[in-house]
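Chain by chain, the residues:
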Amino acid sequence: MNAAVLHAAKTITVEARSVPELKPGMVLLRVRRAGICGSDLHYFEHGHCAAFVPTRPFILGHEFTADVAAVADGVESVKVGARVTANPARSCGFCGYCKAGRPNLCRNIIMLGSASTTPPTDGAFAELVAVRADQCHALPPDMDDGLGAMMEPFAVALHAVKRAGAVSGKRVLVAGGGPIGLLVAMTARTFGAAPVVLSDIVASRRETALRIGADGALDPSARNWAEQVREIAGDGFDIVFEASGARPALRQAFDLVRPGGTIVQIGTLGTEDVPLPANLLMNREIHYIGSMRYGDVFDEAIRLVAAQRIDLRPLLTAVLPFADAGEAMRQAGDKNQALKVQIQISKEESK
Ligand SMILES: [Zn+2]
Ligand SMILES: [Zn+2]
């Protein structure tokens, strides 16, 4: 099979690789369409993603739509020919976290297209990829491959909004207008938050935020920034989602959340520890909580999109052929132009 292999920072080549092994309980998926994630870009640009350093060349990609090509003996839940997306994080299913319904905290997770394991685990920028049967989620026939490949980032946003608790009627700020920040803003809006405001230093991203239904878009580098916030949110926002992964944005979140409010950390902040205003956290009783990928929200994500409660299409900015995987990574890295860039893996026309 062909696969786009990351050899070093900025070096991806499409080359022949052996077909993944079909172990017991697993299914082999023929990838149709795959999206480029911020973490893929970290690997591409720096050769590693925060503390995850690959020990050999490997295949990126974990957001995708695929057809089931083969199933191991005894697998009943998934049928050959079905069109699916997959939860790329395979948790063990047996530990206390898995049993408590928090599989994203499982200490034995194997993540597709990631160097969180040694050796790294190959991902979906390949014609074939193997996952455990229960990682598959069937896609409705009228959901196209592009949307199917966006269920994974949408699941990240869905989980983050759920971590904040009920958002209905709450004043929400999303710091960072990349795909995840935009998805969080759209999800909070779908769940009844008002107003939903997004902040980003990149003008084109603020424009996109308004286009996808945000009630306001703020430039955190503007001089009258604090006044603008006071006008919109008075004492501060009820919930701030930190989706930029920028240290100044995190610091600012503590000034922007109202006393008793909640900050949800979604962005990855590099490898070094970040100083926090712990006194503010204490005397304003701020809740500062983390959100890591997703739990079991894929079916819910698929249902919300299929029922048109949320339209993810405006986020898909480009689709490139498989042979141009390197160019697709470069385009995805251009924050002024790109939101979600996808790679057309199968030769078959996408539905
Ligand atoms: Zn992703
Ligand atoms: Zn587990």
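Scroll up to find the structure.
Rules used in this analysis
- Residues numbered from 1 in each chain as written.
- Chains lettered and ligands numbered in written order.
- Predicted model: local features only at pLDDT ≥ 70, side-chain atom pairs only at ≥ 80, totals over all residues.
- Heavy atoms only, no water.
- Core = buried A, V, L, I, M, F, W, Y, C linked by side-chain atoms within 4.5 Å.
- Buried < 20%, exposed > 50% of the residue type's maximum accessible area, 1.4 Å probe, protein only.
- Helix = DSSP H or I, 4+ residues; strand = E, 2+ residues; numbered from the N terminus.
- Contact = heavy atoms within 4.5 Å.
- Donors = N, O, S within 2.8 Å, 3.2 Å for Na, K, Ca; no water.
- Tetrahedral: all angles 85-135°; square planar, octahedral: opposite > 155°, others 65-115°.
- Salt bridge = Lys/Arg side-chain N within 4 Å of Asp/Glu carboxyl O.
- Pairing = 2+ DSSP bridges.
- Axes fitted to C-alpha atoms, helices over the stretch in contact; angles between N-to-C directions.
- Phe/Tyr/Trp six-rings, centres within 6.5 Å; stacked < 30°, edge-to-face > 60°.

A.B. asks: Please provide a residue-by-residue account of the nonpolar core, values included.
C.D. replies: Of all hydrophobic cores here, the largest spans 50 residues; its most connected members are Met151, Phe154, Phe241 and Leu312. Looking at this core, the elements that each hand over two or more residues are helix H4 (151-163), strand E11 (172-175), helix H5 (179-190), strand E12 (196-199), strand E14 (237-242) and helix H10 (298-306). Among the elements that make up this core, the one with the highest residue count is H4 (eight residues). Among all residues touching Phe241, those that are not within four sequence positions of it are Ala160, Val161, Ala164, Val172, Leu173, Val174, Ala175, Val184, Val264 and Ile266.

A.B. asks: I'd love a proper account of the coordination of the zinc ion (ligand 1), names of residues and values included.
C.D. replies: Around the zinc ion (ligand 1), the donor atoms from the protein are Cys37 (SG), His62 (NE2), Glu63 (OE) and Glu152 (OE), and they sit 2.2 to 2.5 Å away. The site at the zinc ion (ligand 1) holds four donor atoms, and with the angles between them running 83 to 167°, its shape is irregular. The sequence pattern formed by the donor residues of the zinc ion (ligand 1) is C-x24-H-E-x88-E. One end of the pair, Cys37, is in the loop between strand E3 (26-35) and helix H1 (38-46); the other, His62, is in the loop between strand E4 (58-59) and strand E5 (63-71), and 25 residues separate them in sequence. Take Cys37 and His62: they sit in the same class, and that class is buried.

A.B. asks: Before we move on, can you summarise the pattern of salt bridges with the specific residues and values?
C.D. replies: One pass over the structure, following the stated rule, counts 16 salt bridges. Across the pair Arg17 and Asp122 runs a salt bridge whose closest N-O atoms are separated by 3.6 Å. With Arg17 in the loop between strand E2 (11-16) and E3 and Asp122 in the loop between strand E8 (110-111) and strand E9 (128-132), the pair connects residues that are 105 residues apart, well separated along the chain. When its relative accessible area of 24% is taken as the criterion, Asp122 is described as partly exposed. Here Asp238 and Arg258 are joined by a salt bridge, their closest N and O atoms 2.5 Å apart.

A.B. asks: So what's going on with the sheet that holds E12? Which residues, and what values?
C.D. replies: One open sheet holds the six strands; their spatial order is E13-E12-E11-E14-E15-E16, and the pairing between them is parallel. Here the strands that pair on one side only, and so sit at the sheet edges, are strand E13 (216-218) and strand E16 (287-290). Strand-to-strand, the axes of this sheet are offset by a mean angle of 20°, without reference to chain direction. Summarising the sheet, strand E15 (residues 257-265) and E16 pair through four bridges and their orientation is parallel. Within the sheet, the bridge partner assigned to Gln265 lies in E16 and is Gly290. Helix-sheet contacts for helix H6 (residues 203-211) involve E12 and E13, and the interaxial angle to E13 is about 165°.

A.B. asks: Explain the packing of aromatic side chains to me, and be specific about the residues and the numbers.
C.D. replies: Scanning the model with the defined rule gives three aromatic pairs in all. Ring geometry for Tyr43 versus Phe58: centroids 5.3 Å apart, planes at 80°, classification edge-to-face. With a gap of 15 residues between them, Tyr43 in helix H1 and Phe58 in strand E4 connect regions that are remote in the sequence. A relative accessible area of 2% means that Tyr43 is categorised as buried. The buried category is assigned to Phe58, whose relative accessible area is 0%. Ring plane angle 70° and centroid distance 5.4 Å describe the contact between Phe254 and Tyr288, whose orientation is recorded as edge-to-face. Of this pair, Phe254 sits in helix H8 (residues 247-256) while Tyr288 sits in strand E16, and the two are 34 residues apart along the sequence.

A.B. asks: With reference to specific residues and values, describe the coordination of the zinc ion (ligand 2).
C.D. replies: In the first shell of the zinc ion (ligand 2), the protein supplies Cys92 (SG), Cys95 (SG), Cys98 (SG) and Cys106 (SG), at 2.3 to 2.4 Å from the metal. One can describe the donor arrangement at the zinc ion (ligand 2) as tetrahedral, given that its four donor atoms subtend angles of 104 to 115° at the metal. Written as a sequence motif, the donor residues of the zinc ion (ligand 2) are C-x2-C-x2-C-x7-C. The class for Cys95 is buried, based on a relative accessible area of 18%. Taking relative accessible area as the criterion, Cys98 reaches 15% and is therefore assigned buried.

A.B. asks: If you had to explain the sheet that holds E4 to someone new, which residues and values would you point to?
C.D. replies: The strands that make up a sheet are held in pairs by hydrogen bonds between backbone atoms, and each pair lies either parallel or antiparallel. Spatial ordering of the open sheet is given by E2-E1-E4, a layout of three strands whose pairing is antiparallel. Both edges of this open sheet fall to E2 and E4, since each of them pairs with a single strand only. Relative to E2, strand E1 (residues 2-8) runs antiparallel, the two sharing six bridges. Residue pairing across strands places Asn2 opposite Ala16, the latter belonging to E2.

A.B. asks: I'd like a description of unusual backbone geometry, backed by residues and values.
C.D. replies: A cis amide bond links Thr118 to the next residue, Pro119, at an omega of -5°. One can find Pro119 in the loop between E8 and E9. In this structure, the amide linkage connecting Ala194 to the following residue, Pro195, adopts the cis form with an omega of -10°. Phi is positive for Ala50, close to 50°, though the residue is something other than glycine. Looking at where Ala50 falls in the secondary structure, it is placed in the loop between H1 and E4.

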